Amino acid sequence: IGQFQNPNGSWNGMVFSTVLNLLALEGVGLTAADPMVERGFTWIDSRKRRTRDAASKQELIRIVPFDGENWETAFAIMALSVSGRKESATSIQRGAKFLFTAQSAEPQVRLNQPNPAAPREGGWTFMRGNERMADCDDTGVVLAALGLATTAKQKRPGQDNAAESIARGIAWLGGMQNDSGGFAVYVHGLPDKPFGEPMFVGAPLRLDQPQELLSGMVRPPCELGDPATSDLTGRVLWGLGECGLTVEHPIVKRAVAFFERDQRADGSFWGLWNPAYAASTAFALIGLARVRADLDAPFIQRAFDWLLSIQNPDGGFGETAEAFRRPELAGRGPSNAPLTGIVLRAIAEGVAGSRSRREPLR
(Lines give C-alpha, C1' and ligand atoms only; values in the text may rest on other atoms or scores of the structure.)
Protein backbone atom coordinates (compact mmCIF):
# COMPACT_ATOMS: atom_id res chain seq x y z
CA ILE A 1 0.00 0.00 0.00
CA GLY A 2 2.86 2.35 0.80
CA GLN A 3 4.27 2.00 -2.71
CA PHE A 4 1.08 3.38 -4.22
CA GLN A 5 0.66 6.41 -1.96
CA ASN A 6 1.29 9.63 -3.87
CA PRO A 7 3.64 12.31 -2.52
CA ASN A 8 0.57 14.46 -1.79
CA GLY A 9 -0.80 11.74 0.52
CA SER A 10 -3.56 10.39 -1.73
CA TRP A 11 -4.07 7.03 -3.33
CA ASN A 12 -4.93 7.29 -7.04
CA GLY A 13 -5.79 10.96 -6.52
CA MET A 14 -9.29 9.98 -5.37
CA VAL A 15 -11.06 10.36 -2.03
CA PHE A 16 -12.74 6.94 -2.11
CA SER A 17 -9.47 5.16 -2.97
CA THR A 18 -7.72 7.04 -0.17
CA VAL A 19 -10.44 6.25 2.37
CA LEU A 20 -10.37 2.53 1.52
CA ASN A 21 -6.60 2.38 1.88
CA LEU A 22 -6.75 4.19 5.22
CA LEU A 23 -9.32 1.65 6.42
CA ALA A 24 -6.99 -1.15 5.33
CA LEU A 25 -4.09 0.42 7.24
CA GLU A 26 -6.23 0.72 10.35
CA GLY A 27 -7.12 -2.95 9.91
CA VAL A 28 -3.46 -3.96 10.21
CA GLY A 29 -2.89 -1.80 13.27
CA LEU A 30 -1.64 1.57 12.03
CA THR A 31 -2.92 4.59 13.94
CA ALA A 32 -3.46 8.24 13.07
CA ALA A 33 0.06 8.95 14.33
CA ASP A 34 1.63 6.89 11.52
CA PRO A 35 3.13 9.22 8.86
CA MET A 36 1.42 7.35 6.02
CA VAL A 37 -1.98 7.65 7.68
CA GLU A 38 -1.38 11.27 8.64
CA ARG A 39 -0.53 12.22 5.05
CA GLY A 40 -3.69 10.49 3.84
CA PHE A 41 -5.92 12.38 6.28
CA THR A 42 -4.20 15.66 5.45
CA TRP A 43 -4.94 15.13 1.77
CA ILE A 44 -8.59 14.30 2.44
CA ASP A 45 -8.86 17.49 4.52
CA SER A 46 -7.53 19.45 1.55
CA ARG A 47 -10.49 18.21 -0.52
CA LYS A 48 -13.02 19.91 1.76
CA ARG A 49 -14.83 22.94 0.42
CA ARG A 50 -16.46 25.09 3.12
CA THR A 51 -19.43 27.39 2.59
CA ARG A 52 -21.98 28.98 4.92
CA ASP A 53 -25.71 28.46 4.58
CA ALA A 54 -27.33 31.88 4.37
CA ALA A 55 -30.54 30.85 6.15
CA SER A 56 -29.21 28.74 9.03
CA LYS A 57 -25.78 30.42 9.28
CA GLN A 58 -24.30 26.94 9.60
CA GLU A 59 -21.03 25.96 7.98
CA LEU A 60 -21.49 23.43 5.18
CA ILE A 61 -18.71 21.11 4.11
CA ARG A 62 -18.60 19.20 0.85
CA ILE A 63 -15.79 16.97 -0.34
CA VAL A 64 -14.62 16.95 -3.96
CA PRO A 65 -14.00 13.24 -4.71
CA PHE A 66 -11.49 13.72 -7.55
CA ASP A 67 -10.42 16.01 -10.36
CA GLY A 68 -9.74 15.17 -13.99
CA GLU A 69 -7.91 18.18 -15.31
CA ASN A 70 -5.45 16.28 -17.54
CA TRP A 71 -8.17 14.28 -19.29
CA GLU A 72 -10.49 17.28 -19.59
CA THR A 73 -7.78 19.62 -20.84
CA ALA A 74 -6.83 17.11 -23.54
CA PHE A 75 -10.38 16.84 -24.86
CA ALA A 76 -10.78 20.62 -24.68
CA ILE A 77 -7.70 21.05 -26.88
CA MET A 78 -9.08 18.52 -29.37
CA ALA A 79 -12.45 20.30 -29.39
CA LEU A 80 -10.79 23.65 -30.06
CA SER A 81 -8.68 22.13 -32.82
CA VAL A 82 -11.55 20.52 -34.73
CA SER A 83 -13.53 23.75 -34.29
CA GLY A 84 -10.99 25.54 -36.45
CA ARG A 85 -8.52 26.99 -33.94
CA LYS A 86 -4.96 26.87 -35.23
CA GLU A 87 -2.28 25.11 -33.21
CA SER A 88 -0.75 28.51 -32.47
CA ALA A 89 -3.92 29.78 -30.77
CA THR A 90 -3.26 30.99 -27.24
CA SER A 91 -5.92 28.74 -25.73
CA ILE A 92 -4.44 25.63 -27.34
CA GLN A 93 -0.85 26.52 -26.46
CA ARG A 94 -1.71 27.27 -22.83
CA GLY A 95 -3.51 23.95 -22.59
CA ALA A 96 -0.59 22.11 -24.18
CA LYS A 97 1.85 23.74 -21.77
CA PHE A 98 -0.32 22.58 -18.88
CA LEU A 99 -0.24 19.01 -20.18
CA PHE A 100 3.50 19.00 -20.82
CA THR A 101 4.12 20.05 -17.21
CA ALA A 102 1.71 17.34 -15.98
CA GLN A 103 3.74 14.46 -17.46
CA SER A 104 4.58 12.02 -14.70
CA ALA A 105 8.20 12.02 -13.55
CA GLU A 106 7.70 9.57 -10.66
CA PRO A 107 8.85 6.01 -11.45
CA GLN A 108 5.88 3.73 -12.01
CA VAL A 109 5.25 1.23 -9.24
CA ARG A 110 6.99 -2.01 -10.18
CA LEU A 111 3.84 -4.03 -9.48
CA ASN A 112 2.16 -2.15 -12.33
CA GLN A 113 5.11 -2.53 -14.68
CA PRO A 114 6.96 -5.79 -13.96
CA ASN A 115 9.04 -5.64 -17.15
CA PRO A 116 12.50 -4.46 -16.05
CA ALA A 117 13.33 -3.26 -19.58
CA ALA A 118 10.25 -1.03 -19.92
CA PRO A 119 10.27 2.72 -19.21
CA ARG A 120 8.65 3.60 -15.89
CA GLU A 121 8.33 7.34 -16.47
CA GLY A 122 6.66 9.42 -19.16
CA GLY A 123 2.95 8.63 -18.89
CA TRP A 124 0.10 10.86 -17.79
CA THR A 125 -2.55 10.44 -15.11
CA PHE A 126 -6.17 11.52 -14.86
CA MET A 127 -5.33 14.43 -12.57
CA ARG A 128 -2.36 16.32 -11.18
CA GLY A 129 -0.80 14.96 -8.03
CA ASN A 130 -1.51 11.32 -8.89
CA GLU A 131 2.11 10.62 -9.73
CA ARG A 132 2.12 6.90 -8.93
CA MET A 133 -0.71 5.84 -11.23
CA ALA A 134 0.09 6.84 -14.79
CA ASP A 135 -2.29 5.05 -17.14
CA CYS A 136 -2.55 4.21 -20.83
CA ASP A 137 -5.98 5.79 -21.26
CA ASP A 138 -4.98 9.28 -20.17
CA THR A 139 -1.62 9.01 -21.91
CA GLY A 140 -3.31 8.16 -25.20
CA VAL A 141 -5.78 11.03 -24.95
CA VAL A 142 -3.11 13.53 -23.87
CA LEU A 143 -0.87 12.51 -26.77
CA ALA A 144 -3.80 13.00 -29.16
CA ALA A 145 -4.16 16.56 -27.90
CA LEU A 146 -0.43 17.30 -27.92
CA GLY A 147 -0.11 15.89 -31.43
CA LEU A 148 -2.66 18.45 -32.59
CA ALA A 149 -1.08 21.26 -30.58
CA THR A 150 2.48 20.87 -31.88
CA THR A 151 3.97 21.37 -35.31
CA ALA A 152 5.46 18.60 -37.42
CA LYS A 153 8.91 19.98 -36.63
CA GLN A 154 8.28 19.88 -32.89
CA LYS A 155 7.19 16.23 -33.06
CA ARG A 156 10.61 15.10 -34.27
CA PRO A 157 12.85 13.94 -31.41
CA GLY A 158 15.81 16.22 -30.82
CA GLN A 159 14.03 19.42 -31.88
CA ASP A 160 12.83 20.72 -28.52
CA ASN A 161 11.35 19.72 -25.18
CA ALA A 162 7.91 19.18 -26.71
CA ALA A 163 9.23 16.50 -29.03
CA GLU A 164 11.16 14.81 -26.24
CA SER A 165 8.08 14.80 -24.01
CA ILE A 166 5.96 13.21 -26.75
CA ALA A 167 8.70 10.65 -27.45
CA ARG A 168 8.80 9.68 -23.76
CA GLY A 169 5.04 9.24 -23.75
CA ILE A 170 5.15 7.01 -26.83
CA ALA A 171 7.98 4.94 -25.37
CA TRP A 172 6.08 4.53 -22.10
CA LEU A 173 3.01 3.28 -23.98
CA GLY A 174 5.18 0.87 -25.94
CA GLY A 175 6.35 -0.67 -22.68
CA MET A 176 2.77 -1.03 -21.48
CA GLN A 177 1.50 -2.90 -24.55
CA ASN A 178 0.47 -6.45 -23.70
CA ASP A 179 1.74 -9.42 -25.69
CA SER A 180 -1.72 -9.62 -27.29
CA GLY A 181 -1.21 -6.18 -28.82
CA GLY A 182 -3.90 -4.54 -26.70
CA PHE A 183 -3.59 -2.02 -23.91
CA ALA A 184 -4.86 -2.21 -20.34
CA VAL A 185 -5.17 0.85 -18.09
CA TYR A 186 -2.70 0.59 -15.22
CA VAL A 187 -1.02 -2.80 -15.20
CA HIS A 188 1.12 -4.50 -17.82
CA GLY A 189 0.77 -8.21 -18.51
CA LEU A 190 -2.37 -9.28 -16.66
CA PRO A 191 -4.60 -11.84 -18.40
CA ASP A 192 -6.68 -10.65 -21.33
CA LYS A 193 -10.34 -11.51 -21.60
CA PRO A 194 -11.24 -14.09 -24.29
CA PHE A 195 -11.04 -12.53 -27.74
CA GLY A 196 -14.39 -11.43 -29.14
CA GLU A 197 -16.18 -11.87 -25.82
CA PRO A 198 -17.41 -9.39 -23.21
CA MET A 199 -16.74 -9.70 -19.50
CA PHE A 200 -19.20 -9.90 -16.60
CA VAL A 201 -21.56 -12.34 -18.33
CA GLY A 202 -19.95 -15.62 -17.25
CA ALA A 203 -19.81 -17.44 -13.93
CA PRO A 204 -18.21 -15.33 -11.18
CA LEU A 205 -15.35 -16.51 -8.98
CA ARG A 206 -16.77 -18.96 -6.41
CA LEU A 207 -16.31 -17.72 -2.84
CA ASP A 208 -17.01 -21.21 -1.47
CA GLN A 209 -14.08 -22.75 -3.37
CA PRO A 210 -10.87 -21.97 -1.40
CA GLN A 211 -8.56 -23.50 -4.00
CA GLU A 212 -10.13 -21.41 -6.75
CA LEU A 213 -9.82 -18.27 -4.63
CA LEU A 214 -6.14 -18.90 -3.90
CA SER A 215 -5.45 -19.56 -7.56
CA GLY A 216 -7.25 -16.32 -8.41
CA MET A 217 -4.96 -14.36 -6.11
CA VAL A 218 -1.86 -15.70 -7.84
CA ARG A 219 -3.24 -15.29 -11.36
CA PRO A 220 -6.46 -13.27 -11.13
CA PRO A 221 -9.19 -13.85 -13.69
CA CYS A 222 -9.61 -10.98 -16.13
CA GLU A 223 -12.69 -9.70 -14.27
CA LEU A 224 -10.56 -9.04 -11.18
CA GLY A 225 -7.56 -7.73 -13.07
CA ASP A 226 -6.80 -5.12 -15.69
CA PRO A 227 -7.37 -6.68 -19.12
CA ALA A 228 -6.63 -5.06 -22.45
CA THR A 229 -9.82 -3.73 -24.05
CA SER A 230 -10.74 -2.38 -27.44
CA ASP A 231 -12.10 0.97 -26.28
CA LEU A 232 -8.89 1.83 -24.48
CA THR A 233 -6.68 0.49 -27.25
CA GLY A 234 -8.60 2.72 -29.65
CA ARG A 235 -7.83 5.82 -27.59
CA VAL A 236 -4.17 4.83 -27.42
CA LEU A 237 -4.05 4.54 -31.22
CA TRP A 238 -5.81 7.89 -31.47
CA GLY A 239 -2.94 9.46 -29.55
CA LEU A 240 -0.23 7.61 -31.44
CA GLY A 241 -1.79 8.52 -34.76
CA GLU A 242 -1.98 12.23 -33.95
CA CYS A 243 1.72 12.05 -33.09
CA GLY A 244 2.56 10.66 -36.51
CA LEU A 245 2.64 6.88 -35.98
CA THR A 246 0.99 4.74 -38.65
CA VAL A 247 0.22 1.06 -39.25
CA GLU A 248 3.87 0.58 -40.24
CA HIS A 249 5.00 1.13 -36.65
CA PRO A 250 5.43 -2.10 -34.64
CA ILE A 251 3.29 -0.87 -31.72
CA VAL A 252 0.45 0.04 -34.06
CA LYS A 253 0.77 -3.12 -36.12
CA ARG A 254 0.34 -5.29 -33.01
CA ALA A 255 -2.65 -3.23 -31.85
CA VAL A 256 -4.39 -3.59 -35.23
CA ALA A 257 -3.95 -7.37 -34.99
CA PHE A 258 -5.50 -7.20 -31.50
CA PHE A 259 -8.58 -5.49 -32.95
CA GLU A 260 -8.96 -8.10 -35.67
CA ARG A 261 -8.99 -10.87 -33.06
CA ASP A 262 -11.14 -9.05 -30.50
CA GLN A 263 -14.02 -8.06 -32.77
CA ARG A 264 -17.35 -9.63 -31.92
CA ALA A 265 -19.29 -11.61 -34.51
CA ASP A 266 -21.74 -8.75 -35.13
CA GLY A 267 -18.89 -6.32 -35.92
CA SER A 268 -18.86 -4.44 -32.62
CA PHE A 269 -16.12 -4.11 -30.03
CA TRP A 270 -16.51 -4.44 -26.27
CA GLY A 271 -15.07 -1.96 -23.81
CA LEU A 272 -14.72 -1.67 -20.06
CA TRP A 273 -14.59 2.10 -19.59
CA ASN A 274 -17.76 3.04 -21.46
CA PRO A 275 -21.05 1.16 -21.56
CA ALA A 276 -20.17 -1.05 -23.37
CA TYR A 277 -20.29 -1.51 -27.16
CA ALA A 278 -21.27 1.64 -29.07
CA ALA A 279 -18.66 4.01 -27.62
CA SER A 280 -16.05 1.26 -27.63
CA THR A 281 -16.63 0.52 -31.32
CA ALA A 282 -16.46 4.23 -32.09
CA PHE A 283 -13.16 4.70 -30.23
CA ALA A 284 -11.70 1.63 -31.93
CA LEU A 285 -12.60 3.03 -35.35
CA ILE A 286 -11.29 6.51 -34.57
CA GLY A 287 -7.99 5.02 -33.44
CA LEU A 288 -7.72 2.85 -36.53
CA ALA A 289 -8.45 5.82 -38.77
CA ARG A 290 -5.90 8.04 -37.05
CA VAL A 291 -3.07 5.52 -37.63
CA ARG A 292 -4.10 5.24 -41.29
CA ALA A 293 -5.31 1.68 -41.20
CA ASP A 294 -7.02 0.42 -44.35
CA LEU A 295 -10.60 1.46 -43.60
CA ASP A 296 -11.83 -0.77 -46.41
CA ALA A 297 -10.57 -3.86 -44.56
CA PRO A 298 -13.52 -6.24 -44.01
CA PHE A 299 -13.31 -6.16 -40.21
CA ILE A 300 -13.38 -2.35 -40.18
CA GLN A 301 -16.30 -2.21 -42.60
CA ARG A 302 -18.24 -4.63 -40.36
CA ALA A 303 -17.70 -2.26 -37.43
CA PHE A 304 -18.98 0.72 -39.43
CA ASP A 305 -22.01 -1.28 -40.55
CA TRP A 306 -22.79 -2.19 -36.96
CA LEU A 307 -22.63 1.43 -35.84
CA LEU A 308 -24.99 2.50 -38.61
CA SER A 309 -27.38 -0.31 -37.68
CA ILE A 310 -27.91 0.92 -34.11
CA GLN A 311 -28.92 4.48 -34.94
CA ASN A 312 -32.17 5.46 -33.21
CA PRO A 313 -35.18 6.77 -35.18
CA ASP A 314 -34.54 10.27 -33.76
CA GLY A 315 -31.09 10.26 -35.37
CA GLY A 316 -29.09 9.83 -32.17
CA PHE A 317 -27.29 6.94 -30.54
CA GLY A 318 -27.73 5.49 -27.07
CA GLU A 319 -26.74 2.63 -24.81
CA THR A 320 -27.18 1.88 -21.11
CA ALA A 321 -25.04 0.13 -18.53
CA GLU A 322 -27.42 -2.84 -18.72
CA ALA A 323 -25.51 -3.88 -21.84
CA PHE A 324 -22.61 -4.98 -19.60
CA ARG A 325 -24.74 -7.85 -18.32
CA ARG A 326 -27.03 -8.28 -21.29
CA PRO A 327 -25.16 -8.24 -24.63
CA GLU A 328 -28.46 -8.29 -26.52
CA LEU A 329 -28.86 -4.65 -25.43
CA ALA A 330 -25.66 -3.60 -27.20
CA GLY A 331 -26.21 -0.24 -28.86
CA ARG A 332 -29.75 0.07 -27.51
CA GLY A 333 -30.94 2.93 -25.37
CA PRO A 334 -32.28 6.49 -25.40
CA SER A 335 -30.20 8.84 -27.51
CA ASN A 336 -27.73 11.02 -25.65
CA ALA A 337 -25.45 13.77 -26.91
CA PRO A 338 -21.99 12.53 -25.78
CA LEU A 339 -22.40 9.07 -27.29
CA THR A 340 -23.96 10.46 -30.47
CA GLY A 341 -21.02 12.84 -30.84
CA ILE A 342 -18.32 10.18 -30.54
CA VAL A 343 -20.18 7.79 -32.86
CA LEU A 344 -20.60 10.52 -35.47
CA ARG A 345 -16.88 11.23 -35.25
CA ALA A 346 -16.17 7.57 -35.99
CA ILE A 347 -18.64 7.45 -38.89
CA ALA A 348 -17.20 10.65 -40.34
CA GLU A 349 -13.73 9.11 -40.21
CA GLY A 350 -15.07 6.14 -42.14
CA VAL A 351 -16.76 8.24 -44.80
CA ALA A 352 -13.61 10.34 -45.25
CA GLY A 353 -11.11 7.50 -45.26
CA SER A 354 -12.86 4.64 -47.03
CA ARG A 355 -12.64 4.22 -50.79
CA SER A 356 -15.77 2.09 -51.00
CA ARG A 357 -18.00 3.84 -48.44
CA ARG A 358 -19.61 7.01 -49.66
CA GLU A 359 -22.83 6.72 -47.68
CA PRO A 360 -23.79 10.19 -46.49
CA LEU A 361 -24.45 10.80 -42.80
CA ARG A 362 -28.12 10.56 -41.97
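Further up the page is the structure itself.
Asker: Account for the pattern of salt bridges, with residues named and values stated.
Answerer: On inspection of all chains with the given rule, the structure shows 12 salt bridges. Close ionic contact of arginine 235 with aspartate 231 constitutes a salt bridge, the shortest N to O distance being 3.7 Å. Taken together, the residues arginine 235 and aspartate 231, both in helix H8 (residues 230–242) and four residues apart, mark about one turn of the helix. A single burial state applies to arginine 235 and to aspartate 231, both of which are buried. Across the pair arginine 345 and glutamate 349 runs a salt bridge whose closest N-O atoms are separated by 3.1 Å. Of this pair, arginine 345 and glutamate 349 are both found in helix H12 (residues 337–353), four residues apart, which corresponds to roughly one turn of the helix. In this structure arginine 345 comes out as partly exposed when scored by relative accessible area, which is 24%.

Asker: Please provide a residue-by-residue account of the side chain of glutamine 103, values included.
Answerer: Relative to the helices and strands, glutamine 103 is located in the loop between helix H4 (90–101) and helix H5 (136–149). For glutamine 103, a relative accessible area of 9% translates into the label buried. A polar contact is formed between the side chain of glutamine 103 and the backbone oxygen of glycine 122, at a distance of 2.8 Å. Those residues within four positions of glutamine 103 in sequence are excluded, and the remaining contacts are Gly122, Gly123, Trp124, Ser165, Arg168 and Gly169.

Asker: Can you break down the packing of H8 against helix H10 (residues 278–290) residue by residue, with the values?
Answerer: For any two helices packed against each other, the geometry is given by the interaxial angle and the distance between the axes. Interhelical geometry of H8 versus H10 gives an angle of 25° and a closest axis separation of 7 Å. Here H8 is positioned roughly parallel relative to H10, judged by the angle of their axes. Note on packing geometry: the crossing formed by H8 with H10 is left-handed. Counted together, Ser230, Asp231, Gly234, Arg235, Leu237, Trp238, Gly241 and Glu242 of H8 and Ser280, Phe283, Ala284, Ile286, Gly287, Leu288 and Arg290 of H10 form the full contact between these two elements. Its residues assigned to classes, the contact of H8 with H10 comprises six nonpolar, five polar and four charged.

Asker: Which residues make up the packing of aromatic side chains, and what values go with them?
Answerer: Within this structure, the stated rule accounts for 12 aromatic pairs. A ring pair is formed by phenylalanine 16 and phenylalanine 66, whose centres lie 6.1 Å apart and whose planes are at 90°; its orientation type is edge-to-face. With phenylalanine 16 in helix H1 (residues 15–27) and phenylalanine 66 in the loop between strand E2 (59–63) and helix H3 (69–82), the pair connects residues that are 50 residues apart, well separated along the chain. Looking at phenylalanine 16, the relative accessible area reads 43%, which means it is partly exposed. Where phenylalanine 195 meets phenylalanine 258, the ring centres are 6.0 Å apart and the plane angle is 70°; that geometry is what we call edge-to-face. Linking phenylalanine 195 in the loop between helix H6 (161–176) and helix H7 (210–218) with phenylalanine 258 in helix H9 (residues 250–262), this pair joins segments that are 63 residues apart in sequence. Through pairs of rings, three or more aromatic residues link up here, namely Phe16, Phe66, Trp71, Phe75, Phe126, Trp238 and Phe283. It is arginine 128 that lies over the ring of phenylalanine 98; its NZ or CZ is 4.1 Å from the centre.

Cut-off values and rules
Residues numbered from 1 in each chain as written. Predicted model: local features only at pLDDT ≥ 70, side-chain atom pairs only at ≥ 80, totals over all residues. Heavy atoms only, no water. Salt bridge = Lys/Arg side-chain N within 4 Å of Asp/Glu carboxyl O. Helix = DSSP H or I, 4+ residues; strand = E, 2+ residues; numbered from the N terminus. Buried < 20%, exposed > 50% of the residue type's maximum accessible area, 1.4 Å probe, protein only. Polar contact = N/O pair within 3.5 Å; in protein donor to acceptor, adjacent residues only side chain to side chain. Contact = heavy atoms within 4.5 Å. Axes fitted to C-alpha atoms, helices over the stretch in contact; angles between N-to-C directions. Parallel < 35°, antiparallel > 145°, perpendicular 65-115°, else oblique. Left-handed = near helix turned anticlockwise from the far one by under 90°. Nonpolar A, V, L, I, M, F, W, Y, C, P; charged D, E, K, R; others polar. Phe/Tyr/Trp six-rings, centres within 6.5 Å; stacked < 30°, edge-to-face > 60°. Lys NZ or Arg CZ within 6 Å of the ring centre and 35° of its normal.

Take it as geometry only, folks, not as evidence of what the structure does.
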